[in-house]
Amino acid sequence: MRRIRLARALTFSLAAGSLLAISSTARAGVPDCLRPTGEFPVGVALGTGAGSSFVEVGDWNGDGALDLAVAPNLGVTLAVLLGDGAGEFSPPVAYACSIFCADLAAGDVNGDGVTDLITSSLVSADLAVLLGDGAGGFAASLAVTAWSAPAGLALGDLDDDGHPDLVVGRSSGLEVLVLLSDGAGSFGPGAAYAVGATPRTPVLGDIDGDGDLDIVFANVGWSNFPPGDKILINDGTGVFGDESLSRIPFLSEFSLD
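Residues numbered from 1 in each chain as written. Predicted model: local features only at pLDDT ≥ 70, side-chain atom pairs only at ≥ 80, totals over all residues. Heavy atoms only, no water.

1. Quick word on the sheet that holds strand 15 (residues 150–156)
Which entries qualify depends on this criterion: Strand pairing is assigned whenever DSSP detects at least two bridges linking the two strands. Secondary structure elements follow DSSP: runs of H or I no shorter than four residues count as helices, runs of E no shorter than two count as strands, and numbering proceeds from the N terminus. Think of each axis as a best-fit line through the C-alpha atoms, taken over the contacting stretch in the case of a helix, with angles from 0 to 180 degrees between the N-to-C directions.
Overall, antiparallel pairing links the four strands, which are arranged 15-16-17-18 in an open sheet. Whereas interior strands pair on both sides, the edge strands pair on one side only; in this sheet they are strand 15 and strand 18 (191–194). In this sheet, neighbouring strand axes are inclined to one another by 20 degrees on average, regardless of whether the strands run parallel or antiparallel. In terms of strand pairing, strand 15 meets strand 16 (residues 165–170) through five bridges, oriented antiparallel. Bridge pairing links leucine 153 to valine 168 in strand 16.

What follows is the structure in structure tokens.
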């Protein structure tokens, strides 16, 4: 099997439709993607399909080496490349995913100890769930409905039951959608939180230090007031409240007066 040499740092090129592997400088204290002169070293393009836009890194086949999943914003397939731990990747294998992909997330959604993949689509209400087989392969499961225009994705245990739940930012509707997992690969109907913003890329983290995951996302639109980023605080059961005004001081300066 032909393998492609990959160094330690990664980026990707939208124009070329390929993942770009940036070679290491192999010098202490120097970023892997930049030489001391400020120049970028020569990289190796990996043929991952047109419009390669979203990348997840994880161990898909359980060999202890990092692998790649690359989803496009064009087309209907994502590419999986298995790593050997020494910076080399096998040629990509294509798997069906959401058309016009809007984001890609990785996590064990069915509780079998193997990482699975989820993609969202800008033109479909369904999320594509691809269950990992533990050997680096993936198979489609039932689609998860996220209402209209799902975009950014985030996986994390929101209700402290040990199963990763799903947060979906909607590119329209000014809402963020929270879907709690049953631990077997399915998600509940979801709870929508109106946020007066366009939550394209949700991020999970413990903002208030109480041990559970909260939601933060950037507002890419100015459709309502107050504008700016948003913080939704978790009550520990997967139910959220918008505390953006109290936790992001500058937002309190905006009003409709």
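2. Side note on a nonpolar patch on the surface
Condition: Only residues whose relative accessible area exceeds 30% and that take part in no salt bridge are eligible for patches, with like-charged residues grouped when within 9 Å of each other and nonpolar side chains (Val, Leu, Ile, Met, Phe, Trp, Tyr) grouped when within 5 Å. In short, Shrake-Rupley with a 1.4 Å probe defines the accessible areas, and a residue's cover is counted only from the protein chains shown. A side-chain nitrogen of Lys or Arg and a carboxyl oxygen of Asp or Glu constitute a salt bridge if their distance falls within 4 Å. Residue burial is assigned from relative accessible area. The probe radius is 1.4 Å, only protein chains are included, and a residue is buried under 20% of its type maximum, exposed over 50%, and partly exposed in between.
Nonpolar side chains collect at one region of the surface, where Leu74, Val76, Ile99, Phe100, Leu122 and Val123 lie side by side and expose about 500 Å² of accessible area between them. Looking at the element boundaries, phenylalanine 100 is found in the loop between strand 9 (93–96) and strand 10 (101–107). In this structure phenylalanine 100 comes out as partly exposed when scored by relative accessible area, which is 35%.

3. Focus on the pairing of strand 11 (residues 116–121)
The buried fraction of strand 11 is high, at six of six residues. The side-chain alternation of strand 11 yields two buried faces, one formed by Asp116, Ile118 and Ser120 and the other by Leu117, Thr119 and Ser121. Relative to strand 12 (residues 126–132), strand 11 runs antiparallel, the two being bridged by three bridges. Its bridge partner lying in strand 12, isoleucine 118 is registered against valine 129. In this structure, the hairpin formed by strand 11 and strand 12 is closed by a connection of four residues.

4. So, unusual backbone geometry
A positive phi angle, near 60 degrees, is found at aspartate 160, a position not held by glycine. Structurally, aspartate 160 is set in the loop between strand 15 and strand 16. Under the relative-accessibility criterion, aspartate 160 is labelled exposed at 66%.

5. Some thoughts on the environment of alanine 194
We count it as follows: Contact criterion: two residues are considered in contact whenever any of their non-hydrogen atoms come within 4.5 Å of each other.
Relative to the helices and strands, alanine 194 is located in strand 18. In the structure, alanine 194 is positioned 17 residues away from leucine 177 in sequence and 9.0 Å away in space, judged by C-alpha atoms. Those residues within four positions of alanine 194 in sequence are excluded, and the remaining contacts are Leu174 and Glu175.

6. Structural notes on the packing of aromatic side chains
Each pair of aromatic rings is reported with the distance of its centres and the angle of its planes. Rules: Whether two aromatic rings pair depends on their centres lying within 6.5 Å, for rings of Phe, Tyr and Trp, where Trp uses its six-membered ring; planes under 30 degrees apart make the pair stacked, over 60 edge-to-face, and the rest tilted.
Within the structure shown, the criterion is met by three aromatic pairs. Taking the centre distance of 6.1 Å and the plane angle of 80 degrees together, the rings of tryptophan 60 and phenylalanine 138 count as edge-to-face. Placement of tryptophan 60 in the loop between strand 5 (52–58) and strand 6 (67–72) and of phenylalanine 138 in strand 13 (residues 138–140) is noted, with a sequence separation of 78 residues between them. Note on accessibility: tryptophan 60 and phenylalanine 138 belong to one class, buried.

7. Observations concerning the environment of aspartate 157
Short version of the rule: By the criterion applied in these results, polar contacts are pairs of N or O atoms within 3.5 Å in which, for protein atoms, one can donate a hydrogen and the other can accept it, and in which residues neighboring in sequence qualify only through two side-chain atoms.
The topology assignment puts aspartate 157 in the loop between strand 15 and strand 16. With a relative accessible area of 25%, aspartate 157 lands in the partly exposed category. In the structure, aspartate 157 is positioned 24 residues away from serine 181 in sequence and 8.6 Å away in space, judged by C-alpha atoms. Here the side chain of aspartate 157 touches aspartate 159 through a polar contact of 3.5 Å, landing on its backbone nitrogen. Within the structure, the side chain of aspartate 157 is placed 3.3 Å from the backbone nitrogen of aspartate 161, a separation counted as a polar contact.

8. A closer look at the side chain of aspartate 214
Note on placement: aspartate 214 falls in strand 20 (residues 214–219). A polar contact is formed between the side chain of aspartate 214 and the backbone nitrogen of aspartate 208, at a distance of 3.5 Å. Setting aside anything within four residues of it in sequence, one finds aspartate 214 in contact with Val203, Leu204, Gly205, Asp206, Ile207, Asp208, Leu232, Ile233, Asn234 and Phe240.

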